[in-house]
Amino acid sequence: MQIGFAAPVAGSWATPDNQVRIAQRAEELGYSGVWTFQRLIYPAVPEGDRWAPVYKSVLDPLITLAFLAGETTRIRLGSAIVNAPYLSPLLLAKQFTTIDVLSKGRLDAGVGLGWSPQEFAAAGAPYEKRGKRMDDFLKALDAIMTTDPVDYHGEFYEIANAHVLPKPVQQPRPPFILGGSSEPALRRAGRLADGWVSASRADLSALAPSIELVRSGAIEAGRDPDNLRFICRGVVKVRKQRDGLLSGSYDEIKADLDEIAGQGITEVFVDLNFDPEIGNVDADPKESMRRAEDALEAFAPR
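Residues numbered from 1 in each chain as written. Predicted model: local features only at pLDDT ≥ 70, side-chain atom pairs only at ≥ 80, totals over all residues. Heavy atoms only, no water.

Enquirer: Now, about the pattern of salt bridges: what can you tell me, with residues and values included?
Expert: One pass over the full model with this rule turns up 23 salt bridges. In this structure, arginine 187 and glutamate 220 form a salt bridge, with 2.9 Å as the shortest nitrogen-oxygen distance. Residue arginine 187 is located in helix H6 (residues 183-192), and its partner glutamate 220 is located in helix H7 (residues 208-220); the two are separated by 33 residues in the primary sequence. Here arginine 233 ties to aspartate 271 by a salt bridge, and the two come within 2.5 Å at their closest N and O atoms. With a gap of 38 residues between them, arginine 233 in strand S10 (residues 229-235) and aspartate 271 in strand S13 (residues 267-271) connect regions that are remote in the sequence. (Salt bridge = Lys/Arg side-chain N within 4 Å of Asp/Glu carboxyl O. Helix = DSSP H or I, 4+ residues; strand = E, 2+ residues; numbered from the N terminus.)

Below, the structure written as structure tokens:
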């Protein structure tokens, strides 16, 4: 199982210097990739209705990856995830391709459907028929990145006989990694993508059923499920007291990584952004970085 690490994108520790330090140190230690995620808004609602504190302040995932492309040379650059409905396939294809070109072919293009009606409304994106739109979006995205000229006519998206250049460095295109936890989303990942990534709130003791649904979707589409990647967002919380998988001491968390691998996961990335003691606007950024440096050393691939 490959091991990656999340870049600082949420809270007080998400600074350019810290992003460069984490990405370069992860590359030195042999991690497979650095990862980002997207959040556009944080609703101003009563405390009992608020989202997790990690979502209060989040840097853009693709601009972060483009920035880190120029500060690294080997490590892969992954988005987990960009919410596709907030963009057009044409714009996202251009952004993905640009990162792939600037990084000389190191992008893992993670996309998802999104889950917040408030964020859909704020982004001016239609919330209805999201599943059908996502199918069409992915087909359009693939056509834009792999054909020239592009001549795509779908139910929701259309690009009529146009050159969209340059094309990505990776051929036929960067891997598409889909998020999602519902059965339709999981089967969609198997039908149309190159892999699946689990959500921050996923039950990490029960990833195997989701993996099987993704694999079933691939088989139904006549694709080889053994070619798919299965990625776990590892929401790690180093604590004296254990509270579920990927929490507790370094040794306990390392044992959990073995258990996760045994379910069929091919890659996991350590994500400290979702630790409220780190990915929080009120956290001490120096202490967050100290803990992140320790975690980088502790979980480094052997």
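Still more ground to cover, so stick around.
Enquirer: Outline the nonpolar core, supporting the account with residue identities and numerical values.
Expert: Proteins that are soluble and globular tend to have nonpolar side chains buried together. Grouped together as the largest cluster of nonpolar side chains are 79 residues, with contacts concentrated most on Phe5, Tyr31, Phe96 and Leu272. Leaving out residues up to four positions away in the same chain, tyrosine 31 has contacts with Ile3, Gly4, Phe5, Ala26, Arg74, Ile75, Ala295, Leu296, Phe299, Ala300 and Pro301. Core analysis: the second largest hydrophobic core is formed by 8 residues, Ala6, Ala80, Ile81 and Val197 among them. (Core = buried A, V, L, I, M, F, W, Y, C linked by side-chain atoms within 4.5 Å. Buried < 20%, exposed > 50% of the residue type's maximum accessible area, 1.4 Å probe, protein only. Contact = heavy atoms within 4.5 Å.)

Enquirer: Before we move on, can you summarise the side chain of asparagine 18 with the specific residues and values?
Expert: Along the polypeptide, asparagine 18 turns up in helix H1 (residues 16-29). Setting aside anything within four residues of it in sequence, one finds asparagine 18 in contact with Pro8, Trp13 and Met289.

Enquirer: Pulling in residues and values, what's your account of unusual backbone geometry?
Expert: A cis geometry characterises the amide bond from alanine 80 onward to isoleucine 81, with omega recorded as 10°. With respect to the helices and strands, the residue isoleucine 81 is situated in the loop between strand S3 (76-79) and strand S4 (82-83). Between leucine 165 and proline 166 the backbone carries a cis peptide bond, its omega angle lying at 0°. Along the polypeptide, proline 166 turns up in the loop between strand S7 (158-162) and strand S8 (176-178).

Enquirer: Which residues make up helix H9 (residues 285-298), and what values do they have?
Expert: Residues three or four positions apart in an α-helix share a direction because the helix packs 3.6 residues into each turn. If you check H9, its first and last C-alpha atoms are 20 Å apart, about what 14 residues at 1.5 Å a residue would give, namely 20 Å. Those residues of H9 not exposed but buried are Ser288, Met289, Arg291, Ala292, Ala295, Leu296 and Ala298. Elements in contact with the buried residues of H9: strand S1 (2-6), H1, strand S11 (237-238) and helix H8 (250-262). Regarding H9, its N-cap is aspartate 284, as a side-chain oxygen of that residue lies 3.0 Å from the backbone nitrogen of lysine 286 further along. (Expected span 1.5 Å × (residues − 1). Polar contact = N/O pair within 3.5 Å; in protein donor to acceptor, adjacent residues only side chain to side chain.)

Enquirer: Tell me about the layout of surface pockets, residues and numbers included.
Expert: Of the voids in this model, the largest pocket is the one considered here, and its volume is about 640 Å³. Taken together, 30 residues form the lining of the largest pocket, with Ile81, Trp115, Gly179, Gly180 and Ala199 sitting closest to its centre. Elements supplying a minimum of two residues to the lining of the largest pocket: helix H5 (130-146) and H6. Of the residues contributing to the lining of the largest pocket, the split by class is 14 nonpolar, 11 polar and 5 charged. A volume near 440 Å³ is recorded for the second largest pocket. Lining the second largest pocket are 25 residues, and of these Ser200, Val235, Lys237, Phe274 and Pro276 sit closest to its centre. (1 Å grid on protein atoms, 1.4 Å probe; cavity = no way out; pocket = protein on both sides within 12 Å on 5 of 7 lines; lining within 4 Å. Points joined across faces, edges and corners; volume = space filled by probe spheres on them. Nonpolar A, V, L, I, M, F, W, Y, C, P; charged D, E, K, R; others polar.)

Enquirer: How would you summarise the pairing of strand S2 (residues 33-36) if you had to cite specific residues and measurements?
Expert: Side chains Gly33 and Trp35 project from S2 onto one buried face, and the interleaved Val34 and Thr36 project onto a second face that is buried too. The pairing of S1 with S2 spans 2 bridges and is parallel. Bridging across to S2, phenylalanine 5 finds its partner in valine 34. The parallel pair S1 and S2, bridged by H1, forms a crossover whose chirality is right-handed. (Pairing = 2+ DSSP bridges. Right-handed = clockwise from strand over helix to strand, strands pointing away.)

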